[in-house]
Amino acid sequence: MDELGSRPDRICLVTGTSSGIGLAVAEELLRRGWDVAGVARRAAPLHHARYRHLRLDLTDTARMEEAFEGSFGEALALEGRARVGLVNGAATLEPVGPTSATPAAGLARAFALNAVAPIWLLGFFLRRARGGKLRVVDVSSGAARRPYAGWSAYCATKAALRMAGEVVGEEARSFAPGTALPVDLSVVGYEPGVVDTEMQASVRGALVEAFPQVGRFLDLHATGKLHPPSRPAMEIADLLQSDGLPAWSERRLGG
Ligand SMILES: NC(=O)c1ccc[n+]([C@@H]2O[C@H](COP(=O)([O-])OP(=O)(O)OC[C@H]3O[C@@H](n4cnc5c(N)ncnc54)[C@H](OP(=O)(O)O)[C@@H]3O)[C@@H](O)[C@H]2O)c1
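Residues numbered from 1 in each chain as written. Predicted model: local features only at pLDDT ≥ 70, side-chain atom pairs only at ≥ 80, totals over all residues. Heavy atoms only, no water.

A. A look at the environment of L23. For L23, the position within the fold is in helix α1 (residues 20-31). Considered as a pair, L23 and P147 are 124 residues apart in the sequence and their alpha carbons are 28 Å apart. L23 has contacts with G16, T17, S18, P45 and L46, leaving out every residue within four places of it along the chain. (Helix = DSSP H or I, 4+ residues; strand = E, 2+ residues; numbered from the N terminus. Contact = heavy atoms within 4.5 Å.)

The structure is reproduced here in structure tokens:
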């Protein structure tokens with residue numbers, strides 16, 4: 001497979017580029033001259049010489065590992081880049097409903113997509129992007145820190161991803177520079193606010209019996225308070241281009 005890129009100095013992998021925030025991040029990075037690779041089950045509506053897409057269900061973590069350790073990972077040519085980005089955007093809200101009614105299979109899928117895949121990708125990038133600057137943005141949520149009734153899967157998986165980022169921050173302090181991690185590294189847990197995407201539509205589609213706070217999200221939508229995906233996408237792109245951040249930190253939209 002050919003190596004990606006006409007501008008080989010910067011590349012970013014974005015998961016969830018078929019819609020919403022991931023798509024907007026990919027568009028913004030392409031505008032700024034980055035090479036971009038994306039992953040989602042569907043194709044991405046991006047037709048650009050500097051964009052490469054992998055159709056993959058990230059809950060299939062064995063196939064994910066195979067793809068990244070194999071030809072898709074090789075084609076990213078991470079080792080030779082001055083700046084490498086990873087945006088962990090793909091996630092699911094499902095299963096939604098009381099913890100007492102949450103099925104094991106749904107929980108396992110949520111953990112695979114929202115926690116196992118992004119944490120493994122973080123490790124893959126820590127291993128492979130050793131030469132240049134590594135910038136990781138984990139798309140987080142207030143649900144990583146606050147409980148929402150009916151969202152045990154979403155809250156628990158987002159909390160798991162948040163903690164993994166914090167652990168990498170601790171590893172940057174504990175391991176000798178340049179051994180387990182790249183020397184110039186930042187991981188940011190980024191909360192994008194309430195954004196007008198497919199996921200946000202599914203939040204509003206929940207029954208009040210499954211998600212008691214649904215009324216709040218219906219009101220935000222009805223009163224035009226949702227942000228367009230381009231708004232967090234600009235901030236995520238800025239974070240990927242920034243220098244001097246600590247190994248781990250957190251940001252919120254506008255913050
Ligand atoms: N929207 C908000 O208000 C909001 C608020 C806080 C945090 N977030 C976070 O923002 C991130 C992006 O969500 P969004 O709001 O932009 O939602 P979205 O439009 O529904 O995007 C989700 C993306 O994840 C991908 N995805 C879902 N399941 C997948 C799977 N099994 N394998 C591979 N890719 C998968 C989807 O692609 P396919 O369906 O093609 O696979 C899609 O590209 C998520 O991490 C979410 O938790 C969103």
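B. View of the pattern of salt bridges. Following the criterion strictly, the structure yields 16 salt bridges and no others. Between E69 and R127 there is a salt bridge, with its nearest N and O atoms 2.9 Å apart. Here E69, found in helix α2 (residues 61-69), pairs with R127, found in helix α4 (residues 104-128); they are 58 residues apart in sequence, far enough to count as distant. Assessed through its relative accessible area of 36%, E69 is described here as partly exposed. Judged by relative accessible area, which is 41%, R127 ranks as partly exposed. Between R162 and E250 there is a salt bridge, with the nearest N and O atoms lying 2.6 Å from each other. Of this pair, R162 sits in helix α5 (residues 152-174) while E250 sits in strand β7 (residues 248-252), and the two are 88 residues apart along the sequence. Residue classification places R162 among the partly exposed residues on the basis of a relative accessible area of 24%. When salt bridges with common partners are traced through the structure, they connect R83, K133, R135, D184 and D243 into a single cluster. (Salt bridge = Lys/Arg side-chain N within 4 Å of Asp/Glu carboxyl O. Buried < 20%, exposed > 50% of the residue type's maximum accessible area, 1.4 Å probe, protein only.)

C. Up close: α5. Taking 1.5 Å per residue, 23 residues should reach 33 Å; α5 reaches 32 Å between its end C-alpha atoms and fits that length. Taken as a whole, α5 has its buried residues at A153, Y154, C155, T157, K158, L161, A164, G165, V168 and G169. On its buried side, α5 packs onto α4, β5 (133-139), β6 (185-191), α6 (198-204) and β7. (Expected span 1.5 Å × (residues − 1).)

D. Representation of the packing of aromatic side chains within the structure. Inspection of every chain in the model, using the stated rule, returns 10 aromatic pairs. Relative to F217, the ring of W151 lies with its centre 6.1 Å away and its plane at 40 degrees, an arrangement referred to as tilted. Residue W151 is located in the loop between β5 and α5, and its partner F217 is located in helix α7 (residues 214-222); the two are separated by 66 residues in the primary sequence. For the pair W151 and F217, a shared accessibility class is recorded, and that class is buried. Relative to F217, the ring of F211 has its centre 5.8 Å away and its plane inclined at 35 degrees; by these criteria the two rings are tilted. Judged by its relative accessible area of 5%, F217 is buried. Taken together, the aromatic side chains of F68, F72, W120, F124 and F125 make up a single cluster linked through ring pairs. (Phe/Tyr/Trp six-rings, centres within 6.5 Å; stacked < 30°, edge-to-face > 60°.)

E. Structural detail: the site of the ligand. Surrounding the ligand, one finds 30 residues, the nearest of these being S18, R41, Y154, T197 and Q200. At 2.8 Å, a side-chain N or O of R42 approaches an oxygen atom of the ligand. In this structure, a nitrogen atom belonging to the ligand sits 2.9 Å away from a main-chain N or O atom of L58. Against a free-state accessible area of 880 Å², the protein chains account for coverage of 94% of the ligand. (Near = heavy atom within 4 Å. Polar contact = N/O pair within 3.5 Å; in protein donor to acceptor, adjacent residues only side chain to side chain. Areas by Shrake-Rupley, 256 points an atom, 1.4 Å probe, with all protein chains shown as cover.)

F. Layout of the environment of G123. Here G123 is to be found in helix α4. Its relative accessible area of 26% is what places G123 among the partly exposed residues. For the pair G123 and L93, spaced 30 residues apart in the sequence, the C-alpha separation amounts to 24 Å.

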